[in-house]
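Structural overview for review
Take a look at the letters that make up each chain.
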Amino acid sequence: MTFGFAPSPAASTSTSNDLSATTVGRVLEPAEWAAAEIPLLRNPREVVSGLHSRHRPKPATAIVAVLDPDERLRASASFTRRTAPADGWMFRNVLLDQLRRVIPHDLRRRTPVRTAVLLYCREGDARWTEEDGAWMWGLRDACTLHGLRCGAYITLTRDGWQVLGEGRGGRRPSVDSTPEPFATSESPPPLPRTGGATSELLRRAAAR
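Calculation criteria
- One numbering rule holds for all chains: residues counted from 1, following each sequence as written.
- Residue-level local features of this predicted model are given only where pLDDT is at least 70; pairs of side-chain atoms are given and counted only at 80 or more, and the full residue set underlies all totals for whole chains, interfaces and linings.
- Note that water and hydrogens are dropped before the side-chain values are worked out from all heavy atoms of the structure.
- Helix and strand assignments follow DSSP, with helices taken as H or I runs no shorter than four residues and strands as E runs no shorter than two, numbered in order from the N terminus.
- In this analysis, two residues are considered to be in contact whenever any of their non-hydrogen atoms come within 4.5 Å of each other.
- Calculation of accessible area relied on Shrake-Rupley with a 1.4 Å probe; when residues are assessed, cover is drawn exclusively from the protein chains displayed.
- We call a residue buried when its accessible area falls under 20% of the maximum for its residue type, exposed when it is over 50%, and partly exposed in between, using a 1.4 Å probe and counting protein chains only.
- Following DSSP output, two strands are said to pair if at least two bridges run between them.
- Throughout, right-handed denotes a crossover for which the path from the first strand over the helix to the second runs clockwise when the strands point away from the viewer.
- Centres within 6.5 Å make a pair out of two Phe, Tyr or Trp rings, where for Trp the six-membered ring is used; the pair is then stacked when the planes are under 30 degrees apart, edge-to-face when over 60, and tilted otherwise.
- Think of a polar contact as two N or O atoms within 3.5 Å of one another; within protein, one of them needs to be a possible hydrogen donor and the other a possible acceptor, and neighboring residues in sequence only count if both atoms come from side chains.
- What pLDDT conveys is the predictor's confidence in a given residue, as a value from 0 to 100.
- Residues enter a nonpolar core if they are buried and are Ala, Val, Leu, Ile, Met, Phe, Trp, Tyr or Cys, with the set joined through side-chain atoms within 4.5 Å.

Comments concerning the overall build of the protein
Across its full length, the protein holds six helices and seven strands. Each helix and strand of the protein, ordered N terminal to C terminal, gives the series β-α-α-α-β-β-α-β-α-β-β-β-α. Counted over contacts in the protein with a minimum sequence separation of 6, partners at least 24 positions apart contribute 70%. For the protein, the exposed area adds up to about 11,800 Å²; of that, 52% sits on carbon and sulfur atoms.

Shown next, in the form of structure tokens:
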């Protein structure tokens, strides 16, 4: 899915200036993001690797994913953003549309249980940009409207991945790296171990 907008040929310079002024309130600065107390991922590299393997993003690709309380991936969607001015309101709308397509809302719950995270693959380095701030604004608002907890915002560049606002990151995966096998967070929990006298007694009782 692509999104963006093109200005009308009849649009005046003043209209463009008005648009720039309205987008200022639709961008979250790093300090504002940190103050929002976004829940930390227990294993961010595992989450990033799983999404990278599943969607194989290229620059300008965004991946929104929903995690359960155990950080297992429940749903995800990827889409490509067209070149257009960064606008948190537009980002919010497209994220909300993707969430509605892949997972039911949790608006009936008093407290959100599932968490949405956003991985954005882009050119440049890992430093915060105004475009990142618009994605942060959009993610936070989309989560509120869909009854989800707002989770991490992660950038993926040629230098690797970075969880903005946390200072955590790594060199792999990156834009150019080969996808790894799916992360263990997407796998079913392992079967309980068996062995010892107690297990043997249970096996014999079941065989009778």
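A few points about unusual backbone geometry
The step from Arg172 to Pro173 runs through a cis peptide bond, and the omega angle for that step is 0°. The residue Pro173 is located in the loop between strand E7 (168-170) and helix H6 (196-207) in this model. Not every positive phi belongs to a glycine, and Arg56 is a case in point at roughly 45°. Looking at the element boundaries, Arg56 is found in the loop between helix H3 (44-55) and strand E2 (61-67). For Arg56, a relative accessible area of 58% corresponds to the exposed category. Not every positive phi belongs to a glycine, and Ala60 is a case in point at roughly 80°. Relative to the elements of secondary structure, Ala60 occurs in the loop between H3 and E2.

Describing the pairing of strand E5 (residues 149-157)
Here is the key point about a regular strand: its side chains alternate between the two faces of the sheet. Within E5, eight of the nine residues are buried, which leaves it mostly tucked inside the rest of the structure. With six bridges connecting them, strand E4 (residues 115-121) and E5 associate as parallel partners. Paired with Ala116 across the two strands is Cys150, which belongs to E5. For the handedness criterion, the β-α-β arrangement of E4, helix H5 (residues 130-146) and E5 is classed as right-handed.

A few points about the packing of aromatic side chains
One pass over the full model with this rule turns up three aromatic pairs. Relative to Trp135, the ring of Phe79 has its centre 6.2 Å away and its plane inclined at 50°; by these criteria the two rings are tilted. Of the two residues, Phe79 sits in strand E3 (residues 73-81) while Trp135 sits in helix H5, which places them 56 residues apart along the sequence. Centroid distance Tyr120 to Trp135: 5.1 Å. Interplanar angle 45°. Geometry classified as tilted.

Re the side chain of Asp106
When you line up the elements, Asp106 lands in the loop between helix H4 (88-102) and E4. Asp106 gets classed as buried once you look at its relative accessible area, which sits at 9%. Among the polar contacts listed, one links the side chain of Asp106 to the side chain of Arg114, at a separation of 2.8 Å. Every residue in contact with Asp106, bar those within four places of it in the chain, is listed here: Arg114, His146, Gly147 and Leu148.

Quick notes on the confidence of the model for the protein
Looking at the protein as a whole, the pLDDT averages 80, with 75% of positions reaching at least 70. A low-confidence stretch, residues 1-23 stays under pLDDT 50, and its non-local contacts, those more than four residues away or across chains, total 24 contacts. A low-confidence stretch, residues 183-208 stays under pLDDT 50, and its non-local contacts, those more than four residues away or across chains, total 13 contacts.

A word on the nonpolar core
One finds Trp33, Leu95, Leu118, Trp135, Leu139 and Tyr153 to be the most contacted residues of the largest nonpolar core, which totals 31 residues. When residues in this core are grouped by element, the largest group, seven residues, is from H5. In this structure Trp33 touches Leu28, Ile38, Met136, Leu139, Cys150, Gly151, Ala152, Tyr153, Leu164 and Gly165, once residues within four positions along its chain are discounted. Core analysis: the second largest hydrophobic core is formed by 17 residues, Leu51, Leu73, Val117 and Trp161 among them.

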